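Examination of the molecular architecture
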Amino acid sequence: MEPEAIVVGASWAGIWTLHLLKQRGVKVLLVDANEDVGGTWCYTRYPGCHVDTEIPLYEFSHPDLWRNWTWSKRFPDRKQIQAYLSWVTDRLGLRKSLVLQTRVQRAEWNEKFATWTVSLSSGASYRTRYLILCTGYSTVPFIPNFTGAETFKDSFHTSSWPEELVWNNKRVGVIGTAASGLQIIETLGPQVAQLSVFQRTPNFATPKRQKHYAPGKMDYIKQNFYPDMLKQRNSKTGFFTVQHRRTFDDPADARQRFFQSLWEEGGLSFWFGNYADLLTSREANMEAYRFWRGSVHARVHDKNTAEKLAPANPPHAFGAKRPSLETSYFETFNLPNVELVDVNEDLIQEITATGIQTRTKFHALDIIVYATGFDALTGSGLAIDIRGAGGVKLETKWDTRAEGNGVSTALGMMSAGFPNLFFPMGPQAPSALGLTPQMAEIQGKWVTDCIEYMKARGLGRVEPTVGSEEKWAKEVNAAAESTLFGEADSWYMGVNIPGRKKQPLCYFGGVGTYAEHLQQAVDTGYEGFTMAYAGGRSSL
Ligand code: N01
């Protein structure tokens, strides 16, 4: 039996969308390349890998799920998250719909039948009406093109860390100091013979304040806090009480007290719970930055190192790149075996069989870690050979080269010329800025509602108009221009990889506003989308 829908990717978005489609009686299969569900949480094995979002914000809001699963810490580690997603799969009865250890290689649109022909690495191929890519926004690794890199044997990208790797008493070099690099650096620092950290942009990390919960404590938290926290998350589609105060509404002493309270709270509070103008006013942003910088300088003994980690002139606005959460990151640089190399002034010239040569020094190493990020937001979709109407390739339409047209979507959900193709957690949505489970629930519902609407009317082909893409591009660009996000050369802006077009790949207008846009499409009977009967072109 051919499935009506194929979902690709078995992490948050894929699992939830599969669940919703099954609930509505859609015949659906979920295909994933890994040995179990969890996506990045299944295959990322580097030491110290934890999520930066606290529970219950980082779990599904379905009461049967949160009532029956018990976390042991505020920020779960990757093993716990993978175990949770595997448990959710069983609890929701989804296991039989999974095709694991199988990669989707190609998908071709067939106009005559209004179906996608989906070819798998197993050699099997399916005809399906709907194709839903839940392939994640940080899946395809990016390793810069360093001269001589191939001559060094024990080098790994963070996403392919071999679990059996022995690092104790080794000389380790870590290139990259964002979310992944920071966790590796603070974990390895005290355990290795030597740690050389190659930093290009400092990480404006804030305190994590991990907490460990005994089971009884979790029951108490669930009973007393979960309903309100999840209600707030789902109604306001935000996760901290949104501050209505602006930075300079408060006098200086009250402002410092407020910053300090966010600091003590830990987690993402100092970023998302801060004054309303943190990311819209430069003066407000600098005020928060100065507080942050002061705390780093108080913790790092060597003044030169402190200045590299927290310079007087920040390279970008505070929070325009995701600030990571840390426990002992800054103290790690006080250890005698840890060295910070600023590659802006001491450029990496070459990698040899025995280490890294920078402009001023040779760093002899046993292991090199590339914590250099991902071909974010578009990489995982474009890794599949997707050919839409008229045989046009998605990579031709989404030409991400600096001189290319860039990405265009309607609502960050669909793209003109690629009928019946949805891509939750993809570009031009708040995918990377929202809470992953919350985004999975919002976008999964939109996909499912759309398919249900079509089925109820006997329709079989849906495609956004070019006009609706242009409208969404304006909205996405305006949101970027109204904040300080657009200034940073970040993967949110598509330019963490050399030669790429700078354009907002994230929607910065907020998850709440985004959800309203999605709802408006539903309420207007999918205005901006062309719907037709399968096989015919009779547009409604
Ligand atoms: O990757 P990144 P990541 N020379 O792209 C540096 C999720 N995640 O794997 O900032 C030297 O953010 C680059 O420097 P710069 C999460 O969504 C979550 O750390 O471009 N350095 C940067 O420091 C996260 O946001 C969690 O100047 C070079 C780093 O490499 C996303 O994954 C944990 C370089 C890349 O940072 C990606 O995070 C881990 C070069 N040529 C991941 N090129 C948690 O929830 C790049 N860099 C905790």
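Model, not experiment: these values are computed from the prediction.

**Section: the environment of Phe-259**
Along the chain, Phe-259 falls in helix H8 (residues 252-265). Using a relative accessible area of 1% as the deciding quantity, one classes Phe-259 as buried. Measuring from C-alpha to C-alpha, the distance between Phe-259 and Phe-330 comes to 19 Å, with 71 residues separating the pair along the chain. Beyond its immediate sequence surroundings of up to four residues, Phe-259 is in contact with Phe-270, Asn-274, Tyr-275, Glu-287, Ala-288 and Phe-291.

**Some points on the packing of aromatic side chains**
According to the stated counting rule, one finds 48 aromatic pairs in the structure shown. Pairing Phe-259 with Phe-270 gives two aromatic rings, centres 5.5 Å apart and planes at 55 degrees, and the pair type is tilted. Here Phe-270 lies in helix H9 (residues 269-272) and Phe-259 lies in helix H8, a separation of 11 residues in the sequence. A cation over an aromatic ring shows up here: Arg-127 above the ring of Phe-113, its NZ or CZ 4.5 Å from the ring centre. The lysine or arginine in question, Arg-245, covers the ring of Phe-258, its NZ or CZ lying 4.9 Å from the ring centre.

**A word on the sheet that holds strand S9 (residues 171-175)**
Taken in spatial order, the 5 strands of this open sheet run S8-S17-S9-S10-S13, and their pairing is parallel. Sheet topology places strand S8 (155-157) and strand S13 (338-342) at the edges, where each strand pairs with a single neighbour. For this sheet, the mean angle separating the axes of adjacent strands, direction not counted, is 20 degrees. Two strands pair when backbone bridges link them, and S9 and strand S10 (residues 194-199) are joined in this way by 5 bridges, in the parallel orientation. Opposite Val-174, over in S10, you have Val-197 as the bridge partner.

**A few points about the pairing of S10**
Judged by how many residues are buried, S10 sits mostly within the fold: 5 of 6 residues are covered. For the crossover that starts at S9, traverses helix H5 (residues 179-188) and ends in the parallel S10, the hand is right-handed. Sheet analysis places S10 next to S13, joined by 5 bridges and oriented parallel. Residue pairing in the sheet places Val-197 in a bridge with Leu-340 of S13.

**Side note on the site of the ligand**
Around the ligand, 24 residues are found, and the nearest of them are His-50, Ser-180, Arg-200, Thr-201 and Lys-321. Contact distances for the ligand include 3.5 Å between an oxygen atom and a backbone N or O atom of Ala-178. At 2.5 Å, a side-chain N or O of Thr-201 approaches an oxygen atom of the ligand. Here the ligand has 920 Å² of accessible area as a free molecule, and 89% of this is covered by the chains. If one sorts the elements of the shell around the ligand by residue count, H5 sits on top with 3 residues. Tallied by class, residues from the shell around the ligand come to 11 nonpolar, 9 polar and 4 charged.

Rules used throughout
- Residues numbered from 1 in each chain as written.
- Predicted model: local features only at pLDDT ≥ 70, side-chain atom pairs only at ≥ 80, totals over all residues.
- Heavy atoms only, no water.
- Helix = DSSP H or I, 4+ residues; strand = E, 2+ residues; numbered from the N terminus.
- Buried < 20%, exposed > 50% of the residue type's maximum accessible area, 1.4 Å probe, protein only.
- Contact = heavy atoms within 4.5 Å.
- Phe/Tyr/Trp six-rings, centres within 6.5 Å; stacked < 30°, edge-to-face > 60°.
- Lys NZ or Arg CZ within 6 Å of the ring centre and 35° of its normal.
- Pairing = 2+ DSSP bridges.
- Axes fitted to C-alpha atoms, helices over the stretch in contact; angles between N-to-C directions.
- Right-handed = clockwise from strand over helix to strand, strands pointing away.
- Near = heavy atom within 4 Å.
- Polar contact = N/O pair within 3.5 Å; in protein donor to acceptor, adjacent residues only side chain to side chain.
- Areas by Shrake-Rupley, 256 points an atom, 1.4 Å probe, with all protein chains shown as cover.
- Nonpolar A, V, L, I, M, F, W, Y, C, P; charged D, E, K, R; others polar.

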